[in-house]
Amino acid sequence: MIKKLATSELANLSQVMACIMVIISLIYAITEYNQQRLIDTSEIDSTLYRSSEEFNLRIASDPILASLIMRAEKNTDTLNEIERFQYTRLRLNDFNNWEKAFDYHNEKRMSDSNWKLWNDAYSVNAKQMPDFAWEDNKEFFLSSTPGLSLIHISEPTRLGMI
């Protein structure tokens, strides 16, 4: 036999059901958020990796460019004014990617472990650059970037580039 529920019992039952639905909705929202963050993280790594890969492939396929980089990193006295400018602009790509990684990490879109890997890689790369590469690019950032991030000042300074 089916028992009829009083109005107060129905109200209590609907409140319990509403709470359960809210909990399910929250779980769904958190799951979707975490999934989107995973997609963002993999896209960020892919973007940085693609940029580095394209740059390396360009160097590997262009002997004139490879020669310029080798001369710049061995003996800067061998570069004329145009070559120095070219080298500086090439390295601007590294500084831009380093800044992107730094920003992604600060925005909590990149994990500490991924930031450490990217930062270490860019630090090694920066140590191979002649001092003028940072100096010339620093001037570029100061003149064109109103909100200069700390990475432009702190990392090259820490590495002894300025």
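Residues numbered from 1 in each chain as written. Predicted model: local features only at pLDDT ≥ 70, side-chain atom pairs only at ≥ 80, totals over all residues. Heavy atoms only, no water.

Caption draft 1: Fine view of a nonpolar patch on the surface. The grouping of Leu 10, Leu 13, Val 16, Met 17, Ile 20, Met 21 and Ile 24 at the surface amounts to a nonpolar patch, some 640 Å² of accessible area in total. For Ile 24, the position within the fold is in helix α1 (residues 7–61). A relative accessible area of 48% means that Ile 24 is categorised as partly exposed. (Patch = residues over 30% accessible without salt bridge, like charges linked within 9 Å, V, L, I, M, F, W, Y side chains within 5 Å. Areas by Shrake-Rupley, 256 points an atom, 1.4 Å probe, with all protein chains shown as cover. Salt bridge = Lys/Arg side-chain N within 4 Å of Asp/Glu carboxyl O. Helix = DSSP H or I, 4+ residues; strand = E, 2+ residues; numbered from the N terminus. Buried < 20%, exposed > 50% of the residue type's maximum accessible area, 1.4 Å probe, protein only.)

Caption draft 2: View of the confidence of the model for the protein. Residues of the protein with pLDDT of at least 70 account for 77%, and the chain-wide mean is 78. Predicted confidence in the protein is weakest over helix α6 (residues 150–158), with a mean pLDDT of 53, and strongest over helix α2 (residues 63–74), with 89. (pLDDT = per-residue confidence, 0-100.)

Caption draft 3: Up close: α2. For α2, spanning 12 residues, the distance from its first C-alpha to its last is 16 Å, which sits close to the expected 16 Å at 1.5 Å a residue. Here α2 has its buried residues at Leu 65, Leu 68, Ile 69 and Ala 72. Axial view of α2: buried residues confined to an arc of 95 degrees, hence all on one face. Set apart from the buried face of α2 by more than 90 degrees, the exposed residues are Pro 63 and Lys 74. By the N-cap criterion, in which a side-chain oxygen at the helix start approaches the backbone nitrogen of a residue two or three places on, α2 is capped by Asp 62, the distance to Ile 64 being 3.1 Å. (Expected span 1.5 Å × (residues − 1). Arc of directions from axis to C-beta. Polar contact = N/O pair within 3.5 Å; in protein donor to acceptor, adjacent residues only side chain to side chain.)

Caption draft 4: Up close: the packing of aromatic side chains. Taken as a whole and judged by the stated rule, the model has 5 aromatic pairs. On the numbers, 5.8 Å between centres and 25 degrees between planes, the contact of Trp 118 with Tyr 122 is stacked. Of the two residues, Trp 118 and Tyr 122 both sit in helix α4 (residues 112–128), 4 residues apart, roughly one turn of that helix. Connected via pairs of aromatic rings, a cluster forms that spans Phe 95, Trp 98, Trp 118 and Tyr 122. (Phe/Tyr/Trp six-rings, centres within 6.5 Å; stacked < 30°, edge-to-face > 60°.)

Caption draft 5: Quick look at the side chain of Glu 83. Structurally, the position occupied by Glu 83 is in helix α3 (residues 81–106). Taking relative accessible area as the criterion, Glu 83 reaches 16% and is therefore assigned buried. Apart from residues no more than four positions distant in its own chain, Glu 83 is found in contact with Leu 68, Arg 71 and Thr 78. (Contact = heavy atoms within 4.5 Å.)

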